[in-house]
Amino acid sequence: LIQMAPLVEELLNRGNEVTGIFFDSLKIKQENYTEILVPDILVELRKEASAKMMEKGGQSPLNPTLWLWVIGVWIDAMEDIALQMFKGEQIETLLKSDTKVDAVLTMFPTGSQFADHFDCPVIIFSPAGPISFMMKNSGNVVNPSVQPLLTARFIEPMSFVKRIQNHFLTTFNELFMAWLMNRITAIQRQHTGAEIRHPYDIIKQRFSIFLAGSHVTT
């Protein structure tokens, strides 16, 4: 939300109408701004993740215990995560309306499903920086031999060993996200009865621009 607020404010300053779906308020008071709040179903998960990261070896993406925990919590929360974006009276009203939408900006691939619904381009916002699984089917490619994964414990220039590790981590992350997107889409189709398209298929067709943070030294 810290990174999203300035973007919303600038869009409003330029005369745009903005509808934001967030788990907490941006506290923006403007006639062209509509805010829809949804429950933060990952709040306990983030607290537990923080504790896990502080354990010995917890910060290493090569830690198998950490990955087993991540997979386990995603499995437990999968249905809630998949269906949360369609729940709530305000969201249902929005989806049933004939609102003209110029673009959907999202920080996660599943947000592209709103772009498909409203027949508009999708903009991906990644303030942390370029992430390979967020750029899937966008036409932008991250080279693991040059760009370290953002969660890696090293930066460029990478040694040969670090490059091998980075290729492994990048591939594992992409496989994990592909599995996650497949499961989320399957659950959505099962519960809604609608032929909801896969996020990566939507991005391939509707992708407009990738907004990512950067750092002068990396």
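Residue positions are given per chain, counted from 1 along the sequence in the order it is written. Selection of residues for local features in this predicted model requires a pLDDT of at least 70, selection of side-chain atom pairs for listing and counting requires 80 or more, and totals for whole chains, interfaces and linings are taken over all residues. Only heavy atoms go into the side-chain values, all of them from the structure, while hydrogens and water stay out.

Enquirer: Help me out: how do you make sense of the nonpolar core in this one?
Expert: Within soluble globular proteins, side chains that are nonpolar tend to cluster in buried spots. We define a nonpolar core as any set of buried Ala, Val, Leu, Ile, Met, Phe, Trp, Tyr and Cys residues linked to one another through side-chain atoms lying within 4.5 Å. Burial classes follow relative accessibility: with a 1.4 Å probe on protein chains only, a residue under 20% of its type's maximum area counts as buried, one over 50% as exposed, and anything between as partly exposed. Judged by nonpolar contacts, the single largest core of 26 residues is most densely connected at W74, F176, M177, L180 and I184. Only DSSP runs of H or I with at least four residues qualify as helices, and only runs of E with at least two residues qualify as strands; both kinds are numbered from the N terminus onward. Counting residues per element, the ones that place at least two in this core are α3 (64–84), α6 (160–192), α7 (199–206) and β5 (207–212). Looking at this core, the element that brings in the most residues is α3, giving eleven residues. We call two residues in contact whenever any of their non-hydrogen atoms come within 4.5 Å of each other. Excluding residues that lie within four positions of it along the chain, F176 makes contacts with W67, V70, I71 and W74.

Enquirer: Just to check I follow, could you spell out the packing of aromatic side chains for this structure?
Expert: What describes a pair of aromatic rings is the distance from one ring centre to the other and the angle between the planes of the rings. Each aromatic pair joins two rings of Phe, Tyr and Trp (for Trp, the six-membered one) with centres within 6.5 Å, and gets the label stacked for planes under 30 degrees apart, edge-to-face for over 60, and tilted for any other angle. Applying the stated rule across the entire model yields two aromatic pairs. A ring pair is formed by F176 and W179, whose centres lie 5.7 Å apart and whose planes are at 40°; its orientation type is tilted. Highlighted residues: F176 and W179, both in helix α6, separated by three residues, approximately one helical turn. Residue classification places W179 among the partly exposed positions, given a relative accessible area of 30%.

Enquirer: Just to check I follow, could you spell out the pattern of salt bridges for this structure?
Expert: Pairing of side chains with opposite charge becomes possible as their charged atoms draw close. Criterion for a salt bridge: a side-chain nitrogen of Lys or Arg within 4 Å of a carboxyl oxygen of Asp or Glu. Scanning all chains against the criterion turns up six salt bridges. Ionic contacts of the salt-bridge type, sharing partners, join the residues D116, D119, R197 and R206 into one network.

Enquirer: I tried to follow the environment of N166 on my own but got confused; where do I start?
Expert: Position of N166 relative to the elements: it lies in helix α6. A relative accessible area of 0% means that N166 is categorised as buried. If near-sequence neighbours (up to four positions away) are discounted, N166 is found in contact with P144, Q147, P148, L149, A152, F154 and M158.

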